[in-house]
Protein chains: 2
Amino acid sequence: MPARYIARLAYFVLLIGLVAGITAPAAGQDVDGAAPAAAADGPNVRLAIHGGAGTIRPENMTDAQEAAYRAALEEALRAGYEVLRNGGSATDAVIAAIVPMEDSPLFNAGHGSVFTAEETVEMDASIMEGARRNAGAVAGVMRTKNPIRLARLVMDESPHVMLAREGAEAFAEAYDLEFRDNTYFHTERRLEALRNAQSDASTTDADTSPAYLGTVGAVALDANGTLAAATSTGGMTNKKFGRIGDSPIIGAGTYADNRSCAVSSTGHGEYFIRAAIAYDVCAMVRYTGLSLAEAANAVIHGTLTEMGATGGLIAMDPQGRVAMPFNTPGMYRGVINADGSVQIDIFRD
Amino acid sequence: MPARYIARLAYFVLLIGLVAGITAPAAGQDVDGAAPAAAADGPNVRLAIHGGAGTIRPENMTDAQEAAYRAALEEALRAGYEVLRNGGSATDAVIAAIVPMEDSPLFNAGHGSVFTAEETVEMDASIMEGARRNAGAVAGVMRTKNPIRLARLVMDESPHVMLAREGAEAFAEAYDLEFRDNTYFHTERRLEALRNAQSDASTTDADTSPAYLGTVGAVALDANGTLAAATSTGGMTNKKFGRIGDSPIIGAGTYADNRSCAVSSTGHGEYFIRAAIAYDVCAMVRYTGLSLAEAANAVIHGTLTEMGATGGLIAMDPQGRVAMPFNTPGMYRGVINADGSVQIDIFRD
């Protein structure tokens, strides 16, 4: 072994120590390092979702609200699971899981998206599959009922990865997608959140503070061992100037690579872009040999927290292990296992 | 040392071997692993630029054309160097280097940008500084004479990282920037390239094949030891549907982190996004302890080439070492050292 490799080994030992130091305080925080429960006779598939991270606290939610979120998360998990159980791809599964969340008014994506400063809804979405590392993304779409379906068409049917605004929807018109007038996406609750943001009034609504809460995402492992990740959002309440957040940015909001992991993130998007959060989890897993949970914790409780930013992510590795770190009071999240068993959580344990 | 760390060390030794295997065939290809030449009495500053990678061959260029490119590259290098020599920041230096390339008709950025399918020019740019890892980007702007200046305003003056299209230019209007009618960006040569692309005619023009050649970029190290990177482009000839390439994507086209390196890339943008090329160089340097040249070579001659894609990048580490790998016949590129000495290359050596 050449001397320079020995020097690098020493460097690596140092690095491991540093990263372990970062991850240590976060140990036990919503990380599942165990092997997933397998179906007795089925394939080893798994799917995880999030519905955004933020200042979600028990005291800000009624029992009825909590029940509604739990029901919506379970519906999404079961929709994705149906695909996986029937031998479908991870790509089809993450879309099947995200569509009902886009159709629900509870989440900041599709129908329940937040308003821009101009009182319109402009949505972003992205998807990536881990076998060929193919990807698709759309930014600022205004008429597509399910932006995640359009992101998938960009991935499968265009030579491009990312299409923006009117152009993305002009591309969409050649395909069998559902379109809606922008008013379909308008909800009273989000209009109120815009008014609050514009008047700078404080609010105790768990879903409007901070303004970016409610992005949805999914990661899945299919029976072929392929990973996929997808993310969909309405972005930030009161956003201006055609702001693009991390959700449609491959490497920031979404990443999938069968050699390392699949990630969907949610939080203060500008920081997620600057730190390339989704790709960074996969890079750490691939280059340092850290476990998925260690890498995901290092990124959220190390990198993101040190930058003074908040958010979380869901991640899955090729063995189906799941990590769901967040540095906010809560994150809507859930996992469905190969045997169909479900775990849904909202608050910090 | 716990047993699991020893297992990871073994994994890392394996990884090093794999990466070394990838980088070995590329050794000697346009990589400067040496310490930069320092000024006798000045600070250790350095700046590198590129003007795009592609099918640039001596037989396709007249002597006059080559001289024009060399002169334009030297002008850009000296403009950036003036900033560094006077104690200016790496951020100011990369902008000073890119502005003359945006103003030149030779490069696919600013004035010389390629046409979209609609015979308009839509430009993308991004910038990042390595001390605080702050960043700014614009996509699809049509009236800003120097898109890199607007990206810098997004970084410094907005709470956002990325603004798109009309919104980006609405934001710009509050600042002292130069605007031009879209026809300012139209050049006869690029219109001809569009006609060729639309008729699918083959062309021997070194600057129109492939359609994305000519993106410009810069990386710099200032006297404070801070790195910065910036990239500017007109994108792909005949692009449609609001296509966004890698140039305005932090992590794909541009990245800077004082802990690892600064990178500006150029090539078939969709692949650069999918592989998070710019961030990946920095991640390899930071997590594996590979040298800058080894990491940059692994990304271009390993990852990118294995995906079947073409392009290149320029990268600089905190010691001022430079790597400029590309897997195309040529890349417009240059370096200026602390003593003011310049090296400019176009073809593969």
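Everything discussed here concerns the structure shown above.
Residues numbered from 1 in each chain as written. Chains lettered and ligands numbered in written order. Predicted model: local features only at pLDDT ≥ 70, side-chain atom pairs only at ≥ 80, totals over all residues. Heavy atoms only, no water.

Draft legend 1. Just the overall build of chain A, in detail. On a plain count of helices and strands, chain A comes out with 9 helices and 14 strands. Buried residues in chain A amount to 64% of all 349 residues. Working note: accessible area of chain A is about 11500 Å², and carbon and sulfur atoms make up 51% of it. (Helix = DSSP H or I, 4+ residues; strand = E, 2+ residues; numbered from the N terminus. Buried < 20%, exposed > 50% of the residue type's maximum accessible area, 1.4 Å probe, protein only. Areas by Shrake-Rupley, 256 points an atom, 1.4 Å probe, with all protein chains shown as cover.)

Draft legend 2. Expanded view of the sheet that holds strand β6 (residues 216-221) of chain A. Read across the sheet, 9 strands follow the order β14(A)-β13(A)-β2(A)-β6(A)-β7(A)-β3(A)-β4(A)-β5(A)-β8(B) without closing on themselves; strand pairing throughout is mixed. Across the chains shown, the open sheet's two edge strands, defined by having one partner strand only, are β14 (342-347) of chain A together with β8 (243-244) of chain B. Both strand β3 (residues 123-129) of chain A and strand β7 (residues 227-233) of chain A contribute to a ladder of 6 bridges, which runs antiparallel. Residue pairing across strands places Ile127 of chain A opposite Ala230 of chain A, the latter belonging to β7 of chain A. Contacts from helix α2 (residues 63-85) of chain A reach β2 (46-54), β6, β13 (330-336) and β14 of chain A, with the element oriented near 145° to β14 of chain A. (Pairing = 2+ DSSP bridges. Contact = heavy atoms within 4.5 Å. Axes fitted to C-alpha atoms, helices over the stretch in contact; angles between N-to-C directions.)

Draft legend 3. Structural detail: the interface of chain A and chain B. Every contact between the two is made by 56 residues of chain A and, on the other side, 56 residues of chain B. The junction of chain A with chain B conceals about 4700 Å² of combined surface from both sides, 64% of it contributed by carbon and sulfur atoms. Linking chain A with chain B are 0 salt bridges, by the criterion used here. In this assembly, chain A and chain B are joined by 17 residue pairs in polar contact (both at pLDDT 80 or more). Of all elements in the fold, only α1 (3-23), β4 (134-141), β5 (162-164), α5 (165-172), β8 (243-244), α7 (269-274), α8 (277-288) and α9 (292-306) of chain A reach the threshold of two or more residues within the side of chain A that touches chain B. Element by element, the count of residues in the side of chain A that touches chain B is highest for α1 of chain A, at 10 residues. In terms of residue class, the side of chain A that touches chain B is made up of 35 nonpolar, 8 polar and 13 charged. Relative to β8 of chain B, β5 of chain A runs antiparallel, the two sharing 2 bridges. (Buried area = accessible area lost by both parts, 1.4 Å probe. Salt bridge = Lys/Arg side-chain N within 4 Å of Asp/Glu carboxyl O. Polar contact = N/O pair within 3.5 Å; in protein donor to acceptor, adjacent residues only side chain to side chain. Nonpolar A, V, L, I, M, F, W, Y, C, P; charged D, E, K, R; others polar.)

Draft legend 4. Unusual backbone geometry, seen in detail. Non-glycine residue Glu119 of chain A carries a positive phi angle of around 60°. Position of Glu119 of chain A among the secondary structure elements: in the loop between α3 (90-103) and β3. For Glu119 of chain A, a relative accessible area of 33% gives the class partly exposed. In the Ramachandran plot, Ala276 of chain B falls in the positive-phi region, its phi being about 45° despite a non-glycine side chain. Here Ala276 of chain B lies in the loop between α7 (269-274) and α8 (277-288). Classification of Ala276 of chain B as buried rests on a relative accessible area of 3%.

Draft legend 5. Representation of the sheet that holds strand β5 (residues 162-164) of chain B in the model. The strand order across the open sheet built from 9 strands is β8(A)-β5(B)-β4(B)-β3(B)-β7(B)-β6(B)-β2(B)-β13(B)-β14(B), with neighbouring strands paired in mixed fashion. Two strands close off the open sheet at either side, each with one partner strand: β8 of chain A together with β14 (342-347) of chain B. As judged from the 6 bridges shared by strand β3 (residues 123-129) of chain B and strand β4 (residues 134-141) of chain B, these two strands associate in the antiparallel manner. The partner of Ile127 of chain B across the bridge, within β4 of chain B, is Gly136 of chain B. Running at roughly 145° to β14 of chain B, helix α2 (residues 63-85) of chain B makes contact with β2 (46-54), β6 (216-221), β13 (330-336) and β14 of chain B of the sheet. Taken strand by strand, helix α4 (residues 147-157) of chain B contacts β3, β4, β5 and β7 (227-233) of chain B, and its axis lies near 135° from that of β4 of chain B.

Draft legend 6. Quick look at the relation of the copies chain A and chain B. Aligned on chain B, chain A shows an RMSD of 0.0 Å; the corresponding rotation is 180° and the shift along the axis is 0.0 Å. Both copies are brought into coincidence by an operation consistent with a two-fold rotation axis. Most of the interface of chain A is mirrored in chain B: 100% of its interface residues are interface residues there too. (Least-squares fit on C-alpha atoms with pLDDT ≥ 70 in both.)

Draft legend 7. Fine view of the packing of aromatic side chains. Applying the stated rule across the entire model yields 15 aromatic pairs over all chains. Centroid distance Phe241 of chain A to Phe171 of chain B: 5.4 Å. Interplanar angle 65°. Geometry classified as edge-to-face. On the criterion of chain membership, the pair formed by Phe241 of chain A in the loop between β7 and β8 and Phe171 of chain B in helix α5 (residues 165-172) is interchain, its members lying in two chains. The class of Phe241 of chain A is partly exposed, set by a relative accessible area of 30%. Among the residues examined, Phe171 of chain B registers a relative accessible area of 5% and is labelled buried. In textbook terms, an aromatic cluster arises when at least three aromatic residues are bridged by ring pairs, as seen for Tyr255 and Tyr279 of chain A together with Tyr255 and Tyr279 of chain B. Above the face of the Tyr184 of chain A ring, Arg180 of chain A is positioned so that its terminal group lies 5.4 Å from the ring centre. (Phe/Tyr/Trp six-rings, centres within 6.5 Å; stacked < 30°, edge-to-face > 60°. Lys NZ or Arg CZ within 6 Å of the ring centre and 35° of its normal.)

Draft legend 8. Region of interest: the pattern of salt bridges. Summed over all chains, the structure comprises 32 salt bridges over all chains. A salt bridge links Arg259 of chain B to Asp257 of chain B; the nearest nitrogen and oxygen atoms lie 2.9 Å apart. Of the residues examined, Arg259 of chain B reaches a relative accessible area of 40% and is grouped as partly exposed. One connected set of salt bridges, linked through shared partners, spans Asp103, Lys145, Glu178 and Arg180 of chain A.

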